[in-house]
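Here are the chains, one letter per residue:
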Amino acid sequence: RLEGAGAEAIVIAANTMHIVADAVAGAVRVPLLHIADATAAAIKRTACQRPLLLATRYTMEHDFYRGHLKKHHGIDAVVPDEAGRTAVHDIIFRELVKGVVNPASKQKFLDVTATARHGGADGVIFGCTEIGMLLSQADLSEPCFDTAVLHAKAAVDFALSDAP
């Protein structure tokens, strides 16, 4: 219906919902602007090889996001250990999606990133659109990739381009 209404591209403005990106892309003739492609473009402008993906459990554990980064861009994103994945997921759903920003939760995210850094992670993907409420580049020494911002910029760039 979006295509019929004149949409020239499809944007799924949520990382986890990209679990259906391939199905959506296969059902339309217009391009789907994948959030992982926008993220990969930003990662490639840095020296990052193994960015940490912080996201919902679904995005961290299923292959639709990390697999897309690897298959299409050669980027080997890593995820926190089980305890880190649980903490990140729970903070997203119990706090961030409700607009709650808790200093203790911010510290937990920083602890998770520090553990990953010691394990070789060299960047941080904010793989949930709400994470930017809690963390920013100023909080971390490695490059950060806010997928909400990157995806929005990619959509604007597409809209302002001569692309069909």
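Because the structure is predicted, anything quoted here is derived from the model rather than measured. (Residues numbered from 1 in each chain as written. Predicted model: local features only at pLDDT ≥ 70, side-chain atom pairs only at ≥ 80, totals over all residues. Heavy atoms only, no water.)

J.: Lay out the overall build of the protein chain with the relevant residues and their values.
T.: Tallying secondary structure elements over the protein chain gives seven helices and three strands in all. Reading the helices (α) and strands (β) of the protein chain from amino to carboxyl end gives α-α-β-α-α-α-α-β-β-α. For the protein chain, the spread of C-alpha atoms along the three principal axes comes to 45 × 35 × 25 Å. In the protein chain, buried positions account for 43% of the 164 residues. Considering only contacts within the protein chain whose residues lie at least 6 apart along the sequence, 67% involve residues at least 24 apart. (Helix = DSSP H or I, 4+ residues; strand = E, 2+ residues; numbered from the N terminus. Buried < 20%, exposed > 50% of the residue type's maximum accessible area, 1.4 Å probe, protein only. Contact = heavy atoms within 4.5 Å.)

J.: I'd love a proper account of the sheet that holds strand β2 (residues 123-126), names of residues and values included.
T.: Sheet architecture is open: three strands sit in the order β1-β2-β3, paired in parallel fashion. The strands lining the two open edges of the sheet, one partner per strand, are β1 (51-54) and β3 (144-146). Here the average twist between neighbouring strands, direction ignored, is 20°. Two strands pair when backbone bridges link them, and β1 and β2 are joined in this way by four bridges, in the parallel orientation. Residue pairing in the sheet places L54 in a bridge with F126 of β2. Packed onto the sheet, helix α7 (residues 147-160) meets β2 and β3 and runs at close to 60° relative to β3. (Pairing = 2+ DSSP bridges. Axes fitted to C-alpha atoms, helices over the stretch in contact; angles between N-to-C directions.)

J.: Give me the lowdown on helix α5 (residues 82-94), citing residues and values where you can.
T.: With 13 residues, α5 ought to run about 18 Å at 1.5 Å a step, and its terminal C-alpha atoms sit 18 Å apart, in line with that. Taken as a whole, α5 has its buried residues at G84, R85, A87, V88, H89, I91 and I92. (Expected span 1.5 Å × (residues − 1).)

J.: Describe a nonpolar patch on the surface, naming the residues involved and giving the relevant values.
T.: On the surface, M17, I19 and V20 cluster together to form a nonpolar patch covering roughly 250 Å² of accessible area. Counting through the fold element by element, M17 comes out in the segment before α1 (21-27). (Patch = residues over 30% accessible without salt bridge, like charges linked within 9 Å, V, L, I, M, F, W, Y side chains within 5 Å. Areas by Shrake-Rupley, 256 points an atom, 1.4 Å probe, with all protein chains shown as cover. Salt bridge = Lys/Arg side-chain N within 4 Å of Asp/Glu carboxyl O.)

J.: Go over the environment of F64, please, and point to the residues and values.
T.: Structurally, the position occupied by F64 is in helix α4 (residues 63-73). The spatial distance from the C-alpha of F64 to the C-alpha of I19 is 5.6 Å, given a sequence separation of 45 residues. If we ignore the near neighbours within four places in the chain, the residues touching F64 are N15, T16, H18, I19, Y58 and T59.

J.: So what's going on with the packing of α5 against helix α6 (residues 103-118)? Residues and values would help.
T.: With their axes 10 Å apart at the nearest point, α5 and α6 run at an angle of 150° to one another. Comparing their axes, α6 and α5 come out roughly antiparallel. In terms of crossing hand, the pair formed by α5 and α6 is left-handed. Counting all contacts with α5, which are made through G84, A87, V88, I91 and I92, the residues of α6 involved are S105, K108, F109 and V112. Of the residues assigned to the contact of α5 with α6, the class counts are six nonpolar, two polar and one charged. (Parallel < 35°, antiparallel > 145°, perpendicular 65-115°, else oblique. Left-handed = near helix turned anticlockwise from the far one by under 90°. Nonpolar A, V, L, I, M, F, W, Y, C, P; charged D, E, K, R; others polar.)

In short, shape yes, function no, at least from these values alone.
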